[in-house]
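In case you want the letters, here they are:
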Amino acid sequence: NRFAIHMAEDAVVTALDGSAAFLMMDDILERLKMLDYELAFRGFTRLTHTYFAMPAPNPNEQFHYFMALCSWLMGLLGSAWQAPSQSDDPNLAAQSLHSQLQQVGAPLSFGGWQKLKQGHGEPCCVILQWLLQQASGQAQRPHARLVVPTPWPAATDPDRVQASPARRRGGV
């Protein structure tokens with residue numbers, strides 16, 4: 001397995017063997033933690049280092065999570081794009097996101113909106129990483145007037161929801 005790794009603007013990684021999404025997810029997860037994403041995404045399934053790198057058992061939940069993260073990160077950048085609801089057509093939702101990403105100058109060299117509709121893979125990780133890089137440079141913090149995303153209904157199942165770090169420590 002040979003890699004061609006290109007580091008530019010805080011580690012945008014491109015790998016020739018399809019592992020780029022896995023490499024990017026480490027950076028994505030660390031940047032999300034620095035922005036305290038857990039506070040806004042309390043009811044969501046806890047992200048893992050592979051969550052957006054490969055298909056999840058529930059693709060609808062994964063797509064909704066991806067859209068909610070994109071909306072939240074764009075909110076940090078001052079862009080008022082609201083994530084579609086779970087009942088919205090995924091095709092229209094992906095088209096809407098793609099259009100909004102064009103407006104904010106995101107790298108869209110991966111192709112059309114259809115790749116975003118998957119909710120996982122290198123195109124989704126490229127977008128998340130780019131939005132996180134932009135948000136990391138902003139002075140605005142995630143607590144300021146941001147829309148709190150609605151979790152996927154299955155994520156509210158008490159058997160699936162993991163306790164937040166504060167709850168595990170005996171806090172809130």
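Rules used in this analysis
Residues numbered from 1 in each chain as written. Predicted model: local features only at pLDDT ≥ 70, side-chain atom pairs only at ≥ 80, totals over all residues. Heavy atoms only, no water. Helix = DSSP H or I, 4+ residues; strand = E, 2+ residues; numbered from the N terminus. Buried < 20%, exposed > 50% of the residue type's maximum accessible area, 1.4 Å probe, protein only. Areas by Shrake-Rupley, 256 points an atom, 1.4 Å probe, with all protein chains shown as cover. Core = buried A, V, L, I, M, F, W, Y, C linked by side-chain atoms within 4.5 Å. Contact = heavy atoms within 4.5 Å. pLDDT = per-residue confidence, 0-100. Phe/Tyr/Trp six-rings, centres within 6.5 Å; stacked < 30°, edge-to-face > 60°. Salt bridge = Lys/Arg side-chain N within 4 Å of Asp/Glu carboxyl O.

### With respect to the overall build of the chain
Item 1. Within the chain one finds seven helices and zero strands.
Item 2. Sequence-ordered secondary structure for the chain, helices as α and strands as β, is α-α-α-α-α-α-α.
Item 3. Per-residue burial for the chain yields a buried fraction of 41% across its 172 residues.
Item 4. Within the structure as shown, the chain displays about 9,200 Å² of accessible surface, and the carbon and sulfur contribution to it stands at 53%.

### Here's the deal with the nonpolar core
Item 1. Grouped together as the largest cluster of nonpolar side chains are 45 residues, with contacts concentrated most on Phe52, Phe66, Trp72 and Ile127.
Item 2. Going through the elements one at a time, helix 1 (20–34), helix 2 (37–40), helix 3 (59–76), helix 4 (90–104) and helix 6 (122–136) are the ones with two or more residues in this core.
Item 3. Among the elements that line this core, the one with the most residues is helix 3, at eleven residues.
Item 4. With residues up to four places along the chain from it excluded, the contact list for Phe52 reads Met25, Leu47, Gln62, Tyr65, Phe66, Leu69, Gly119, His120, Gly121, Cys125 and Leu128.

### Here's the deal with the confidence of the model for the chain
Item 1. Chain-level pLDDT for the chain is 77 on average; 69% of the residues reach the 70-or-more range.
Item 2. Scored below 50 in pLDDT, residues 1–16 shows 32 contacts in the model against residues more than four places distant or in partner chains.
Item 3. Scored below 50 in pLDDT, residues 155–172 makes 20 contacts in the model with residues more than four places away or belonging to other chains.

### Quick look at the side chain of His98
Item 1. Relative to the assigned elements, His98 resides in helix 4.
Item 2. Leaving out residues up to four positions away in the same chain, His98 has contacts with Leu108, Gly111, Gly112, Trp113 and Leu116.

### Focus: the environment of Tyr37
Item 1. Here Tyr37 lies in helix 2.
Item 2. Taking relative accessible area as the criterion, Tyr37 reaches 3% and is therefore assigned buried.
Item 3. Between the C-alpha atoms of Tyr37 and Leu73, which are 36 residues apart in sequence, the distance is 9.5 Å.
Item 4. Contact partners of Tyr37, with chain neighbours within four places excluded, come to Leu29, Leu32, Leu47, Tyr65 and Trp72.

### As for the packing of aromatic side chains
Item 1. For the coordinates displayed, the defined rule picks out nine aromatic pairs.
Item 2. A centroid spacing of 5.9 Å and a plane angle of 85° characterise the contact between Phe52 and Tyr65, whose relative ring orientation is edge-to-face. Taken together, the positions of Phe52 in the loop between helix 2 and helix 3 and Tyr65 in helix 3 put the pair 13 residues apart, joining distant regions of the chain.
Item 3. Through a chain of ring-to-ring contacts, the aromatic side chains of Tyr37, Phe41, Phe44, Tyr51, Phe52, Tyr65, Phe66 and Trp72 assemble into a single cluster.

### Some points on unusual backbone geometry
Item 1. Despite not being glycine, Asp36 shows a phi value in the positive range, around 55°.
Item 2. Note on placement: Asp36 falls in the loop between helix 1 and helix 2.
Item 3. Given a relative accessible area of 32%, Asp36 falls into the partly exposed group.

### Some details on the pattern of salt bridges
Item 1. Per the stated rule, a full pass over the model turns up two salt bridges.
Item 2. One salt bridge connects Arg31 with Asp27, and the closest N-O pair in it is separated by 3.0 Å. Of this pair, Arg31 and Asp27 both sit in helix 1, four residues apart, which is roughly one turn of that helix.
Item 3. A residue is classified by how much of its surface remains accessible, and Arg31, at 8% relative accessible area, is buried.
Item 4. One salt bridge connects Glu38 with Arg46, and the closest N-O pair in it is separated by 3.9 Å.

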